[in-house]
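So the chains spell out like this:
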Amino acid sequence: KKQFDLVMAFEAKQNDQSSNNKTEQSKHTNKQFYLRYYVGHRGKFGHEFLEFEFLENGLLRYANNSKYKGHDLLKKQVYVSPAVIDEVKRMVEESGVLQEDDKYWPEPDDVGRQEIEILHGNNHISFLTTKIGSLLDIQDSEDVDGLKCFYYLVQDLKCLVFSLITLHFKIKPIQN
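What counts, and at which threshold
Residues numbered from 1 in each chain as written. Predicted model: local features only at pLDDT ≥ 70, side-chain atom pairs only at ≥ 80, totals over all residues. Heavy atoms only, no water. Helix = DSSP H or I, 4+ residues; strand = E, 2+ residues; numbered from the N terminus. Buried < 20%, exposed > 50% of the residue type's maximum accessible area, 1.4 Å probe, protein only. Contact = heavy atoms within 4.5 Å. Areas by Shrake-Rupley, 256 points an atom, 1.4 Å probe, with all protein chains shown as cover. Salt bridge = Lys/Arg side-chain N within 4 Å of Asp/Glu carboxyl O. Expected span 1.5 Å × (residues − 1). Phe/Tyr/Trp six-rings, centres within 6.5 Å; stacked < 30°, edge-to-face > 60°. Lys, Arg positive; Asp, Glu negative; His and termini not counted. Polar contact = N/O pair within 3.5 Å; in protein donor to acceptor, adjacent residues only side chain to side chain. Pairing = 2+ DSSP bridges.

K.L.:
Even after reading the chapter, I still don't get the overall build of the protein chain, so can you show me in this structure?
P.N.:
Across its full length, the protein chain holds 4 helices and 7 strands. Each helix and strand of the protein chain, ordered N terminal to C terminal, gives the series β-α-α-β-β-β-β-α-β-β-α. Burial status across the protein chain gives 41% buried among its 176 residues. Contacts spanning at least 24 positions in sequence make up 53% of the contacts within the protein chain whose residues lie at least 6 apart. Surface summary for the protein chain: the accessible area is close to 10,800 Å², and the carbon and sulfur share equals 48%.

K.L.:
I'm lost on the pattern of salt bridges in this one. Help?
P.N.:
It is possible for side chains of opposite charge to pair when their charged atoms get near one another. Overall, the coordinates contain 6 salt bridges when judged by the stated rule. Note that E94 is salt-bridged to R90, the shortest N-O span being 2.5 Å. Highlighted residues: E94 and R90, both in helix α3 (residues 82–95), separated by 4 residues, approximately one helical turn. Using a relative accessible area of 33% as the deciding quantity, one classes R90 as partly exposed.

K.L.:
Is there a simple way to think about α3 in this case?
P.N.:
In an α-helix, one turn spans 3.6 residues; hence positions three or four apart end up facing the same way. Spanning 14 residues, α3 covers 20 Å between terminal C-alpha atoms, matching the ideal 20 Å at 1.5 Å per step. Those residues of α3 that fall on the buried side of the exposure criterion are A83, V84, I85, D86, E87, V88, K89, M91 and V92. G96 lies just past α3 and shows a positive phi near 85°.

K.L.:
Got a minute to help me understand the packing of aromatic side chains in this structure?
P.N.:
Note on aromatic pairs: each is described by the distance of the centres and the angle between the planes. Scanning the entire structure with this criterion turns up 7 aromatic pairs. Relative to F52, the ring of Y37 has its centre 5.4 Å away and its plane inclined at 40°; by these criteria the two rings are tilted. Here Y37 is found in strand β2 (residues 33–43), whereas its partner F52 is found in strand β3 (residues 46–55), with 15 residues between them in sequence. In this structure F52 comes out as buried when scored by relative accessible area, which is 2%. Between F52 and F54, the aromatic rings sit 6.4 Å apart at their centres with planes inclined by 75°, giving edge-to-face as the arrangement. Residue classification places F54 among the buried residues on the basis of a relative accessible area of 0%. Members of the aromatic cluster, each reached through a chain of ring pairs, are Y37, F52 and F54.

K.L.:
Explain the side chain of E48 here, please?
P.N.:
With respect to the helices and strands, the residue E48 is situated in strand β3. For the buried E48, no salt bridge is present, and the opposite-charge side chain at shortest range is K131, 6.9 Å distant. At 3.5 Å, the side chain of E48 and the side chain of S66 are in polar contact.

K.L.:
Please explain the pairing of strand β4 (residues 59–65) as it appears in this structure.
P.N.:
On a regular strand, each side chain points to the face opposite its neighbour's, so the side chains alternate between the two faces of the sheet. Where burial is concerned, most of β4 is hidden: 5 out of the 7 residues are buried. Sheet topology note: the β3/β4 ladder contains 6 bridges and is antiparallel. Residue F52 lies in a different strand from β4, and its bridge partner there is Y62. Joining the antiparallel neighbours β3 and β4 is a turn of 3 residues, in which G58 adopts a positive phi near 100°.

This is the structure in structure tokens:
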């Protein structure tokens, strides 16, 4: 199993937390947790998509299928530390997405679709909406606040996943 942490600075921050925060953190670790995100469309280059999931045991699965310029399906998986899983849980909790409802969100269309499924403790949500390119795409929606909450969480999760994958799988290692 390959295992790694976010950054040493993050670990140092975790170690400096008070015992109350550590107790709270261990509560998060014991909760059931699963997160899956998918965004994709069918277009000129076929079915192109990005998908990732975090499992309770620390497994991060990543898949990116882009036929643009002849690229193929890229699949990666890696085990992350409990500190990373706790950070993902914190991101989900603080985002407020668990209290949202996709009832008034735009349906998937020709532009594409986005899906997120989260199982966190007693909460289980599964949202489906159209592909959102920027905040401008949601200004005319019936649930602007809910979509903003979703949009910002997705942006944070994608940044985290791209960082973790890049850190672990150095495509072009630094040469001496």
